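Fold and contact review
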Amino acid sequence: MPAKCDAGRSSQVPLSGFSEGNLKKTSHSSGVTACVSVKTVSVLLFDFEEPRLDVLINNAGIYQCPYTKTEDGFEMQFGVNHLGHFLLTHLLLDLLKHSAPSRVVVVSSKLYKSGHINFEDLNSEQSYDKASAYSRSKLANLLFTCELARRLEGSGVTVNAVTPGIVRTNLGRHVHVPVLAKPLFNLLSWGLFKSPEEGAQTSVYLACSPDVDGVQGKCFADCRPQTLLDKATDQEVASKLWDISEVMVGITT
């Protein structure tokens with residue numbers, strides 16, 4: 001793990017405009033698995049009584065699940081991995097602006113590379129492939145980052161994405177591993193996968209480090225900026241996805 005990741009983890013206090021108390025004291029679960037609507041997420045935020053919000057990390061996720069829908073009727077992976085973050089960020093945007101300098105971190109995945117935004121079937125009602133649906137949602141994360149960063153330019157709110165790599169969590173619980181192969185798989189995972197703490201390092205770096213003060217619209221892995229495929233920064237697609245997402249979650253009609 002790069003040394004600056006460790007430095008980022010310990011650099012909470014020196015960051016201009018941020019305090020150790022503000023960075024540490026509040027952690028809220030968005031409940032985006034079931035709640036991807038203005039009404040239900042607004043209810044969740046009713047108890048959010050903090051006067052400021054220094055950092056918002058959009059990290060909720062589901063991976064390659066069977067075809068299911070959220071309570072609001074969205075395909076589960078697109079609903080949780082993209083629309084939930086989109087709506088939550090929208091509802092917290094005024095507070096983030098009021099708290100500037102503040103930061104938004106969006107957790108994506110390198111699997112975005114095999115993703116495709118099919119505007120004719122974002123909800124996978126015509127066909128569903130669980131791997132393709134996950135990659136699409138992760139590509140949507142990066143397009144959301146791109147468009148949000150553009151809209152917030154000069155506001156004092158920075159937006160960046162992270163691809164954490166393969167982390168040893170239960171995110172892959174829907175992936176079938178043959179019973180006889182599980183011991184070997186578990187052994188390999190301990191040797192090859194990142195621990196949850198290691199997987200979180202780049203998110204913490206983007207949330208806290210002065211090294212990225214003012215950095216806008218980038219994607220990081222292992223605390224280093226990455227070069228994305230053109231489809232992840234396509235401004236026309238990002239803008240169209242934003243407009244459609246607003247309609248899907250009920251922000252506009």
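How each quantity is defined
Residues numbered from 1 in each chain as written. Predicted model: local features only at pLDDT ≥ 70, side-chain atom pairs only at ≥ 80, totals over all residues. Heavy atoms only, no water. Phe/Tyr/Trp six-rings, centres within 6.5 Å; stacked < 30°, edge-to-face > 60°. Helix = DSSP H or I, 4+ residues; strand = E, 2+ residues; numbered from the N terminus. Axes fitted to C-alpha atoms, helices over the stretch in contact; angles between N-to-C directions. Parallel < 35°, antiparallel > 145°, perpendicular 65-115°, else oblique. Contact = heavy atoms within 4.5 Å. Nonpolar A, V, L, I, M, F, W, Y, C, P; charged D, E, K, R; others polar. Polar contact = N/O pair within 3.5 Å; in protein donor to acceptor, adjacent residues only side chain to side chain. Expected span 1.5 Å × (residues − 1). Buried < 20%, exposed > 50% of the residue type's maximum accessible area, 1.4 Å probe, protein only. pLDDT = per-residue confidence, 0-100. Core = buried A, V, L, I, M, F, W, Y, C linked by side-chain atoms within 4.5 Å. Pairing = 2+ DSSP bridges. Right-handed = clockwise from strand over helix to strand, strands pointing away. Arc of directions from axis to C-beta.

Details of the packing of aromatic side chains
- One pass over the structure, following the stated rule, counts 6 aromatic pairs.
- Ring centres of Tyr67 and Tyr128 lie 4.9 Å apart, and the angle between their planes is 65°; on these two criteria the pair is classed as edge-to-face. Within this pair, whereas Tyr67 is found in the loop between strand E1 (55–58) and helix H4 (76–98), its partner Tyr128 is found in the loop between strand E2 (102–107) and helix H5 (130–151), the two being separated by 61 residues in sequence.
- Taken together, the ring pairs in this structure connect Phe86, Phe144 and Trp242 into an aromatic cluster.

Describing the packing of H4 against H5
- One can describe the packing of H4 onto H5 by two numbers: an axis separation of 7 Å at closest approach and a directional angle of 20°. As far as their axial angle goes, H5 and H4 are roughly parallel. The residues of H5 that touch H4, namely those facing Gln77, Phe78, Asn81, His82, His85, Phe86, Thr89 and Leu93, are Lys130, Ala133, Tyr134, Arg136, Ser137, Lys138, Ala140, Asn141, Phe144 and Leu148.
- Each residue belonging to the contact of H4 with H5 can be placed in one class, and the counts come to 8 nonpolar, 7 polar and 3 charged.

Focus on the side chain of Ser135
- Tracing the chain through its elements places Ser135 in helix H5.
- Of note is the side chain of Ser135, whose polar atom sits 2.9 Å from the backbone oxygen of Leu111.

Digging into H5
- Here H5 contains 22 residues, and its C-alpha end-to-end distance of 31 Å stays within 8% of the 32 Å for a straight helix at 1.5 Å per residue.
- For H5, the tally of buried residues reaches 17 of 22 residues, placing the bulk of the element in the interior.

Comments concerning the confidence of the model for the chain
- The predicted model of the chain averages 82 in pLDDT, with 70% of residues at 70 or higher.
- Contacts from residues 7–27, a stretch scored under 50 in pLDDT, to residues over four places away or in other chains number 42 contacts.
- The model gives residues 29–35 a pLDDT under 50, and that stretch makes 15 contacts with residues more than four places away or in other chains.

Brief notes about the nonpolar core
- Formed by 35 residues in total, the largest nonpolar core has its most connected members in Leu53, Leu96, Val104 and Leu148.
- For this core, the secondary structure elements donating two or more residues are H4, E2, H5, strand E3 (157–162) and helix H8 (235–249).
- If you tally residues by element for this core, the top one is H4, at 9 residues.
- With residues near it in sequence (within four places) discarded, Leu148 still touches Thr89, Leu93, Val104, Val159 and Trp242.
- If you look at the next biggest cluster of nonpolar residues, it comprises 8 residues, including Val107, Val162, Val212 and Phe220.

Considering the pairing of E3
- Of all the 6 residues making up E3, 6 are buried; the element is thus mostly covered by neighbouring parts of the structure.
- Here E3 shows two buried faces, one formed by Val157, Val159 and Ala161 and the other by Thr158, Asn160 and Val162.
- Across 2 bridges, E3 lies against strand E4 (residues 219–221) in parallel orientation. Note on E4: the bridge partner recorded for Val162 is Phe220.

Observations regarding the pairing of E1
- When E1 meets E2, the two strands line up parallel, connected through 4 bridges. Its bridge partner lying in E2, Ile57 is registered against Val105.
- For the handedness criterion, the β-α-β arrangement of E1, H4 and E2 is classed as right-handed.

Considering the packing of H5 against H8
- Following both chains from N to C, one finds H5 and H8 inclined at 90°, their axes separated by 9 Å at the closest point. Taken together, the axis directions place H5 and H8 in an arrangement best described as roughly perpendicular. Of H8, the residues touching H5 (which contributes Ala140, Leu143, Phe144, Cys146, Glu147, Leu148, Arg150 and Arg151) are Gln235, Val237, Ala238, Ser239, Leu241, Trp242 and Asp243.
- Split by residue class, the contact of H5 with H8 holds 9 nonpolar, 2 polar and 4 charged.

Some points on H8
- Relative to the 21 Å expected for 15 residues at 1.5 Å per residue, H8 spans 21 Å between its end C-alpha atoms, a close match to the ideal helical length.
- Listing the buried residues of H8 in full gives Ala238, Leu241, Trp242, Ser245, Glu246 and Val249. Along the axis of H8, the buried positions cluster into a sector of 140°, meaning they face one direction only.
- Capping of H8 at its N-terminal end is provided by Asp234; its side-chain oxygen lies 3.1 Å from the backbone amide nitrogen of Glu236.
- Of the residues flanking the end of H8, it is Gly250, one or two places downstream, whose phi is positive at about 90°.

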